[in-house]
Amino acid sequence: MTQQIALVLGATGGIGGAVARKLVSRGWHVRALNRNVEKARAAEPCLNWVQGDAMRAADVMAAAEGASLIVHAVNPPGYRDWEKLVLPMLDNTIAAAKAVGATIVLPGTVYNFGPDAFPVLREDSPQHPVTKKGGIRVEMEKRLEAGSREGAPVIIVRAGDFFGPAAGSSWFSQGMITPGKPVSTVTNPARKGVGHQWAYLPDVAETMVQLVERRERLPGFAVYHMDGFWDRDGQQMVEAIRRAVGGRVKVRGFPWFVVPLAAPFVTFMRELKEMRYLWREPIRMSNERLVAELGFEPRTPIDEAVRMTLLSLGCLEGRMDGEVAGAVAPRG
């Protein structure tokens, strides 16, 4: 049997790396495009690293030769120049996928949607974004849908705020706790009583790979929502962190008043300012379509997911047992 080849763009990132490792564990040959191959190989030696830049169409095309899957999980570092870089990179992926007949997998987000679609979001809910980043996300999916009609099938999995091992650019690691230090204080961006949706990266990766494994039966443009971890009142993630550290922790509210003051000078703060609307009211994606396809949603118990995340961030003593990317499916 010929080994299947996947090209992963963004394999040094949280979701790209998680999907790449899942594919390797399933027997795929995984190529990963990166501008600094030596550094990337030292961090993730199980992948076949290829020198190249996702902004260069020729590099993506060469790396995609023989691939039946392209995972597009690449983002500009530090949120810089999103409007200049995101769509050209995606166009390169679509062109390569059409040329080699590969399926494209994209990690989607809630940014596509505005308040008119809240509180329950389904795959076909109206997309009227209220932010620049949301508008780019809508355009990305439009281009992917057009590409799917021209020989490049697409799988999109939309999920809540990421957390998990290697999820460095996330609310969990950048806003709630301090990586590399024992947890004594948790900063909670949520309003008390307002639910919020989270997604554990290994579960997202497992969901994507399971959909890839049945791609022959999926629509050409297949979009699915995950339920992930639903923090019903904005306090459950904090409580899970408290249980993981096994002691009392101080909890303080996120200093939202600082964000507009810092936004003109700090790129990350500009992003937070745009996305604050997602914390002001409960927003939940329905996973009915996903469950109808897979029979269940891959889901790691929240206490285990938070413990593994804190271990990976250097906030707990101990070791990470087994495959970090292992999602736990429901029993029965």
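Residues numbered from 1 in each chain as written. Predicted model: local features only at pLDDT ≥ 70, side-chain atom pairs only at ≥ 80, totals over all residues. Heavy atoms only, no water.

Asker: Explain the confidence of the model for the protein chain residue by residue, including any values.
Answerer: Averaged over the protein chain, the pLDDT score is 91; the fraction of residues at 70 or greater is 94%. Below a pLDDT of 50 lies the segment residues 322-332, which in the model reaches 27 contacts outside its immediate sequence neighbourhood of four places, other chains included. (pLDDT = per-residue confidence, 0-100. Contact = heavy atoms within 4.5 Å.)

Asker: Account for the sheet that holds strand β8 (residues 161-163), naming residues and giving values.
Answerer: Pairing is mixed across the open sheet formed by three strands, whose spatial order is β8-β10-β12. Strands with a single pairing partner mark the edges of an open sheet, and in this sheet they are β8 and β12 (229-231). Here the average twist between neighbouring strands, direction ignored, is 35 degrees. Sheet topology note: the strand β10 (residues 196-200)/β12 ladder contains three bridges and is antiparallel. Paired with Gln-197 across the bridge in β12 is Trp-230. Relative to the sheet, helix α8 (residues 236-245) contacts β8, β10 and β12, its axis offset from that of β12 by approximately 110 degrees. Across the sheet, helix α12 (residues 302-312) is in contact with β8, β10 and β12; its angle to β8 comes to roughly 65 degrees. (Pairing = 2+ DSSP bridges. Helix = DSSP H or I, 4+ residues; strand = E, 2+ residues; numbered from the N terminus. Axes fitted to C-alpha atoms, helices over the stretch in contact; angles between N-to-C directions.)

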